[in-house]
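Here is what each chain is made of, one letter per residue.
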Amino acid sequence: GENVEQHPSTLSVQEGDSAVIKCTYSDSASNYFPWYKQELGKRPQLIIDIRSNVGEKKDQRIAVTLNKTAKHFSLHITETQPEDSAVYFCAASPGSARQLTFGSGTQLTVLP
Amino acid sequence: IAGITQAPTSQILAAGRRMTLRCTQDMRHNAMYWYRQDLGLGLRLIHYSNTAGTTGKGEVPDGYSVSRANTDDFPLTLASAVPSQTSVYFCASRGTGSDTQYFGPGTRLTVL
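A brief look at the structure comes next.

What counts and how
Residues numbered from 1 in each chain as written. Chains lettered and ligands numbered in written order. Predicted model: local features only at pLDDT ≥ 70, side-chain atom pairs only at ≥ 80, totals over all residues. Heavy atoms only, no water. Helix = DSSP H or I, 4+ residues; strand = E, 2+ residues; numbered from the N terminus. Rg over C-alpha atoms; globule rule 2.2 N^0.38 Å. Contact = heavy atoms within 4.5 Å. Areas by Shrake-Rupley, 256 points an atom, 1.4 Å probe, with all protein chains shown as cover. Lys, Arg positive; Asp, Glu negative; His and termini not counted. Charge placed at Lys NZ, Arg CZ, Asp CG, Glu CD. Pairing = 2+ DSSP bridges. Axes fitted to C-alpha atoms, helices over the stretch in contact; angles between N-to-C directions. Buried < 20%, exposed > 50% of the residue type's maximum accessible area, 1.4 Å probe, protein only.

Counting its regular elements, chain B contains zero helices and eleven strands. The secondary structure elements of chain B, listed N-terminal to C-terminal, are β-β-β-β-β-β-β-β-β-β-β. Relative to the 2.2 N^0.38 estimate, which gives 13 Å for 112 residues, the radius of gyration of chain B is 13 Å and therefore close to what a compact globule would have. Dimensions of chain B, computed from C-alpha atoms along their principal axes, come out at roughly 40 × 25 × 25 Å. Within chain B, contacts between residues at least 6 apart in sequence are counted, and of these 54% link residues at least 24 apart. Approximately 5,100 Å² of chain B is accessible, and the part contributed by carbon and sulfur atoms is 52%. In chain B, which carries 10 positive and 7 negative side-chain charges, the distance between the mean positions of the two groups comes to 6 Å.

Rendered as C-alpha cells:
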C-alpha cells in the first residue's frame, strides 16, 4: 500500500519568515495530495490540496508544489504568523479508492 | 447544519469492556471513514465505507468493527477494549465526486 513520509517532525520559524514542509510518497498511482492543519485539541482541517495534473497551487500565503517524477510534494507558508502555529499533515490518495494515507505530521511553531 | 458530529467527546473505559463510538453526518456524503490518531503516527485509517451497506478494512482494523445501515451514521465498535486502543478517534466523510474529507471533532478514548 501507500507509504507517506513527512519531514521535519518539528519546525520553528520567526514570525514573517517562510516555512517549508516536505512529504514523499511511494505509490505512483496516487493522484490527490491534500494538506491538513490541526490546532491543539481540534479536528484536522483542509488548507490546500493538489492533483497530479498540476505542478503548483497557491492560496494567499500558502502554496503546494508537486514533483510526480520524484514522488514528493511540499507545503510552503510565506510571511508566517503566530496563528500558523499548529500540526500540519500531508496525505496521498491513490486514485479511485480515494482513501487517504497520512504523513506523521509536522509541529510548526511561529515565534513572535 | 451540524456537519459531522461524534459522541462521546471523551470516555474512560475499563479493559475488556465493549464500546461504541458514534458518528453522524448531515451532508448526505456517501463515503465515511474512521481514523485513530496517536502521537508521532499521524492519522491511521481503521475502517471505511464508500456507501451505505458496504464497509472495508483500513490500515489498522484489528479489534474494531463498523456498520453502515444508512447514509448518515457510521458507528465504530470496540468489542473488548485493550489499553493499546487508547487514542483519539476521528470520523470523516466525503461527498460523491469530491476528494475532500471533512473531519468530526474527535473522541478521546482512554482504556485502563
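Having put the structure on the table, let's press on.
Here we take up the sheet that holds strand S3 (residues 19-25) of chain A. Residues and elements named next belong to chain A. As summarised here, the arrangement of the five strands in space is S1-S3-S8-S7-S6, forming an open sheet in which the pairing is antiparallel. Pairing within the sheet leaves two strands with one partner each, and these edge strands are strand S1 (4-7) and strand S6 (56-59). Looking at each pair of strands side by side, their axes are set apart by 15° on average, direction ignored. Inspection of the sheet shows S6 paired to strand S7 (residues 62-67) by four bridges, in the antiparallel sense.

All names here are of chain A. A large share of strand S4 (residues 32-38) lies buried, amounting to seven of its seven residues. Side-chain alternation along S4 places Tyr 32, Pro 34, Tyr 36 and Gln 38 on one buried face and Phe 33, Trp 35 and Lys 37 on a second face that is also buried. Bridge count for S4 against strand S5 (residues 45-51) is six bridges, and the pairing is antiparallel. Opposite Trp 35, over in S5, you have Ile 48 as the bridge partner. The loop that links S4 with its antiparallel partner S5 comprises six residues; one of these, Gly 41, has a positive phi angle of about 75°. In terms of strand pairing, S4 meets strand S9 (residues 86-92) through four bridges, oriented antiparallel. Residue Trp 35 lies in a different strand from S9, and its bridge partner there is Cys 90.

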